[in-house]
Amino acid sequence: MNEHLPPGLLAVLAVDPEPSVRSSVVDHWRHAPEPVRRAWLTDSDPNIRRAAASVCSPPADLLPALLADPQTRAIAVRYAGPSPELAVDPDSAVRKAVAAHPDLPAELRDLLAGDRDAFVRNEIAARADTPSTLRDSIVATLTTADPVADWFLSFRRSTHPCPPPTPAPPKLTREQAEDLLACAGL
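Residues numbered from 1 in each chain as written. Predicted model: local features only at pLDDT ≥ 70, side-chain atom pairs only at ≥ 80, totals over all residues. Heavy atoms only, no water.

### Things to note about the environment of Arg-121
In this structure, Arg-121 sits in helix 10 (residues 118–126). Owing to a relative accessible area of 12%, Arg-121 belongs among the buried residues under this scheme. C-alpha separation for the pair Arg-121 and Val-148, spaced 27 residues apart in sequence, amounts to 17 Å. Discounting chain neighbours no more than four positions away, the residues touching Arg-121 are Leu-112, Ala-113, Gly-114, Asp-115, Arg-116, Ile-138, Thr-141 and Leu-142. Polar contacts involving the side chain of Arg-121 include one to the main-chain carbonyl oxygen of Arg-116, which spans 3.3 Å. (Helix = DSSP H or I, 4+ residues; strand = E, 2+ residues; numbered from the N terminus. Buried < 20%, exposed > 50% of the residue type's maximum accessible area, 1.4 Å probe, protein only. Contact = heavy atoms within 4.5 Å. Polar contact = N/O pair within 3.5 Å; in protein donor to acceptor, adjacent residues only side chain to side chain.)

Rendered as structure tokens:
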């Protein structure tokens, strides 16, 4: 986690036998060279592959393997782009990633608007390019029996019921601060 390590040492740590060391390097070495990124994206540990796919744009030749891997499939969607096959994937995380993709065509948006998973539908409702009538019809289907799930759903659409931020207290002079502390007995 040392920000001042030379690239040579980071390269050694990037292939360390201990997965937690490799994971830490993935998290902290944003400009790793391509051979290191390739090693992470093909690592035997699924957590390393998943972390690497989250922070590294994969080379085109590795994308099919990442899409075939259940551990990295949902993350790889952002690099592959939406497709009809991915929009009906059995994994709801993959369908949610398709729904969030910036290049989602209208026909896939409309298909995913009727998805069985509330979080996939919510992703469509949260899109700026979703027509308001479609958004309203989706939102009407998003209530669950779980208040936490309801909160998460509303949070993605920025409709969560959080109170407004508290304003910063007024700046006090030194004398005002000392008077306030004296009144509090401090």
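### What about the layout of surface pockets?
What the largest pocket holds in volume is close to 180 Å³. As for the largest pocket, its lining consists of Met-1, Asn-2, Glu-3, Leu-5, Leu-10, Leu-13, Val-21, Ser-24, Val-25, His-28 and Trp-29. Counting residues per element, the ones that place at least two in the lining of the largest pocket are helix 1 (7–14) and helix 2 (19–28). In terms of residue count, helix 2 provides more of the lining of the largest pocket than any other element does, four residues in total. Residues of the lining of the largest pocket, tallied by class, amount to seven nonpolar, three polar and one charged. (1 Å grid on protein atoms, 1.4 Å probe; cavity = no way out; pocket = protein on both sides within 12 Å on 5 of 7 lines; lining within 4 Å. Points joined across faces, edges and corners; volume = space filled by probe spheres on them. Nonpolar A, V, L, I, M, F, W, Y, C, P; charged D, E, K, R; others polar.)

### A word on a nonpolar patch on the surface
On the surface, a nonpolar cluster with roughly 470 Å² of combined accessible area is contributed by Phe-119, Val-148, Trp-151, Phe-152 and Phe-155. At four residues, helix 12 (residues 147–156) tops the list of elements feeding residues into the nonpolar patch. Inspection of the secondary structure assignment puts Phe-152 in helix 12. (Patch = residues over 30% accessible without salt bridge, like charges linked within 9 Å, V, L, I, M, F, W, Y side chains within 5 Å. Areas by Shrake-Rupley, 256 points an atom, 1.4 Å probe, with all protein chains shown as cover. Salt bridge = Lys/Arg side-chain N within 4 Å of Asp/Glu carboxyl O.)

### A closer look at the packing of helix 4 (residues 46–55) against helix 6 (residues 73–80)
Two quantities define a packed helix pair, namely the angle between the axes and the distance from one axis to the other. Look at helix 4 against helix 6: their axes get within 9 Å of each other, and the N-to-C directions meet at 25°. Classed by the angle they form, the pair helix 4 and helix 6 counts as roughly parallel. Along this stretch, helix 4 crosses helix 6, giving a crossing that reads as left-handed. Contacts between helix 4 and helix 6 pair Arg-50, Ala-53 and Ser-54 from the former with Ile-75, Arg-78 and Tyr-79 from the latter. (Axes fitted to C-alpha atoms, helices over the stretch in contact; angles between N-to-C directions. Parallel < 35°, antiparallel > 145°, perpendicular 65-115°, else oblique. Left-handed = near helix turned anticlockwise from the far one by under 90°.)

### Remarks on the packing of aromatic side chains
The final tally for this structure, using the stated rule, is one aromatic pair. Centroid distance Trp-29 to Trp-40: 6.4 Å. Interplanar angle 80°. Geometry classified as edge-to-face. Taken together, the residues Trp-29 in the loop between helix 2 and helix 3 (34–41) and Trp-40 in helix 3 connect sequence positions 11 residues apart. The exposure class of Trp-29 is buried, given its relative accessible area of 11%. The exposure class of Trp-40 is buried, given its relative accessible area of 0%. (Phe/Tyr/Trp six-rings, centres within 6.5 Å; stacked < 30°, edge-to-face > 60°.)

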